[in-house]
Amino acid sequence: ALAKERDELEVTVANRTRELEQEQMACILELQQFAEFGRISASLLHDLANPLTAAALHLEEEGERSRSSLINQARRSISHIERYIVAARKQLQGSSEPQVFTAEDELSDVIELLRNQAIKAGVAIQFEPSANHRVYGDVAAFHRVVANLLVNAIQAYGTKPGRKKPIIVTTWSDATNLHISVQDHGVGIAMADLPHIFEEFYTTKQRVGSGLGLGLASAKQMIEQSFGGTITAASSRSTGTTFTLGIPLHESTNHSKSTARPSISGQRSKAKR
């Protein structure tokens, strides 16, 4: 009996050892994948800097001559990209600089940057702020999160027929948190996919090259690490998708002016941008 028990224990230990080795190998492969991705990202940031600087200088020179609003808009877009590159470099170096900013002002900037892309897709972005809320964190990270959610919302309509293709961006607050929702009425996310959308390299975009599965995973990481906040998603094939951010309010925000969330039925703020 003792010999049998010893043999069974040896088999159990051997099986568990193999399982641990397999898990360790999977972790090593995942780390190698992220290391390679980081190396490529760092190289890409370096290679993008000079062309962007040159493009910005050319647009600035042309803008002074023509006074074109489109050129000015292109200059603003490039300046935002340059901010992203600087912020990404600092993040890779572990030296990002959080600050206090008004969320609604930054939301307006991102919406304007994506306005033409939305128009080309037949999508109308409606911004319905409830007030001006101040939060503390990385501004560039906030831009990237919101831009990712808006681009996903634009793409969610795809080839879906219909003239009305709205994206509604709403802000409201409670005593401690700012809430931002990005709502579309696109094709929605399948129930089987919904629990996995914040995982690295998981994508619901079937067209080759259309997505790497990093956008939402990165957004979740930035909201949690840069702001101590949350991001959630609700979706169905019939109603579309709503992403909601929860970000702690900065202490300078006047909490007495906190507002309740607008109802989904349309009782929304008249303030639009």
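The rules behind the values
Position numbers for residues start from 1 in each chain and track the written sequence from start to end. The model is predicted, so local features are restricted to residues of pLDDT at least 70 and side-chain atom pairs to those at 80 or more, both for listing and for counting; the totals for chains, interfaces and linings are taken over all residues. Here the side-chain values reflect all heavy atoms present in the structure, with hydrogen atoms and water set aside. What counts as a salt bridge is simple: a side-chain nitrogen of Lys or Arg found within 4 Å of a carboxyl oxygen of Asp or Glu. Only DSSP runs of H or I with at least four residues qualify as helices, and only runs of E with at least two residues qualify as strands; both kinds are numbered from the N terminus onward. For each residue, the accessible area found with a 1.4 Å probe, counting protein chains only, is set against the maximum for its type, and the residue is called buried under 20%, exposed over 50%, and partly exposed in between. Whether two strands pair comes down to DSSP finding at least two bridges between them. Every axis in this analysis is a line fitted to C-alpha atoms, fitted for helices over the stretch in contact. Angles between the N-to-C directions lie between 0 and 180 degrees. In this analysis, two residues are considered to be in contact whenever any of their non-hydrogen atoms come within 4.5 Å of each other. The rule is short: rings of Phe, Tyr and Trp, with Trp giving its six-membered ring, pair when the centres are within 6.5 Å, and they are stacked under 30 degrees, edge-to-face over 60, tilted in between. Definitions for this section: a left-handed crossing has its near helix turned counterclockwise from the far helix by less than a right angle. A right-handed crossing has that turn clockwise. Under the convention adopted here, Pro, Cys and the residues Ala, Val, Leu, Ile, Met, Phe, Trp and Tyr are nonpolar, Asp, Glu, Lys and Arg are charged, and Gly plus all remaining residues are polar. Expected span, for any helix, means 1.5 Å times one less than how many residues it has. As used in this structure description, the phrase polar contact means that two N or O atoms lie within 3.5 Å; if the pair is within protein, one of them must be able to donate a hydrogen and the other to accept it, and residues adjacent in sequence are counted only when both atoms belong to side chains. In this text, buried Ala, Val, Leu, Ile, Met, Phe, Trp, Tyr and Cys residues form a nonpolar core when linked through side-chain atoms within 4.5 Å. pLDDT is a residue-level measure of predictor confidence that goes from 0 to 100.

Caption draft 1: Geometry of the pattern of salt bridges. Tallied over the full model, the rule gives four salt bridges. Between E112 and R115 there is a salt bridge, and its shortest N-O distance comes to 3.0 Å. In this pair, E112 and R115 both sit in helix α3 (residues 103-120), three residues apart, roughly one turn of the helix. Overall, E112 belongs to the partly exposed group, its relative accessible area being 42%. Relative accessible area serves as the criterion here: at 19%, R115 is assigned to the buried category. Between K220 and E224 there is a salt bridge; the shortest N-O distance is 2.7 Å.

Caption draft 2: Spatial organisation of the pairing of strand β5 (residues 177-184). By the criterion of burial, β5 is predominantly enclosed, with seven of the eight residues buried. Across seven bridges, the pairing between strand β4 (residues 166-173) and β5 is antiparallel. If you follow I168 over to β5, its bridge partner there is Q183. In this structure, the hairpin formed by β4 and β5 is closed by a connection of three residues.

Caption draft 3: Just the sheet that holds strand β6 (residues 230-236), in detail. Strand order in the open sheet formed by five strands is β2-β4-β5-β7-β6, with mixed pairing between adjacent strands. The two strands at the open ends of the sheet, each matched to only one other strand, are β2 (124-128) and β6. Between one strand and the next, the sheet's axes are offset by a mean angle of 15°, whatever the strand orientation. Pairing between β2 and β4: five bridges, direction parallel. Bridge pairing in β4 places A124 opposite P166. The strands touched by α3 are β2, β4 and β5; relative to β2, the strand with the most contacts, the crossing angle is about 170°. This element, helix α5 (residues 215-227), spans β6 and β7 (240-248) of the sheet and lies at about 20° to β7.

Caption draft 4: Local environment of the packing of aromatic side chains. One pass over the full model with this rule turns up four aromatic pairs. Measuring from centroid to centroid gives 6.1 Å for F101 and F227, while their planes differ by 80°, and the two rings are edge-to-face. A residue pair is termed long-range when its members are at least 10 positions apart, and F101 in strand β1 (residues 99-102) and F227 in helix α5 qualify at 126 residues. As far as the burial class goes, F101 and F227 line up, both buried. On the numbers, 6.2 Å between centres and 65° between planes, the contact of F142 with F227 is edge-to-face. Of this pair, F142 sits in helix α4 (residues 139-157) while F227 sits in helix α5; the two residues are 85 residues apart in sequence, bridging distant segments of the chain.

Caption draft 5: Main features of the packing of α4 against α5. Two elements in contact, α4 and α5, have axes whose closest approach is 9 Å; the angle formed by their N-to-C orientations is 145°. Between α4 and α5 the crossing geometry is left-handed. Across the interface between the two elements, A141, F142, R144, V145, N148, L149 and N152 from α4 touch G215, L216, S218, A219, M222, I223, S226 and F227 from α5. Considered class by class, the residues forming the contact of α4 with α5 number nine nonpolar, five polar and one charged.

Caption draft 6: Representation of α4. Under the 1.5 Å per step criterion, the end-to-end length of α4 is 28 Å for 19 residues, consistent within 8% with the ideal 27 Å. Among the 19 residues of α4, 16 are classified as buried, and the element is accordingly described as predominantly covered. The N-terminus of α4 is capped by D138, whose side-chain oxygen sits 3.0 Å from the backbone nitrogen of A140. Positive backbone phi, at 50°, marks G158, one or two positions downstream of α4.

Caption draft 7: Expanded view of the nonpolar core. With 41 residues, the main nonpolar core has F142, L150, I167 and V169 as its most contacted residues. When residues of this core are traced back to their parent elements, those giving at least two are α3, β2, α4, β4, β5, α5 and β7. Considering every element that reaches this core, the biggest residue donor is α4, with 11 residues. If we skip the residues at most four places from it in the chain, L150 touches V110, I111, L114, I167, V169 and V182.

Caption draft 8: Here's a closer look at the confidence of the model for the protein. In this model, the protein carries an average pLDDT of 76, and 63% of its residues clear a pLDDT of 70 or more. Mean pLDDT values over the elements of the protein span from 65, in helix α2 (residues 69-93), up to 95, in β5. Contacts from residues 254-260, a stretch scored under 50 in pLDDT, to residues over four places away or in other chains number 11 contacts. A low-confidence stretch, residues 262-273 stays under pLDDT 50, and its non-local contacts, those more than four residues away or across chains, total 25 contacts.

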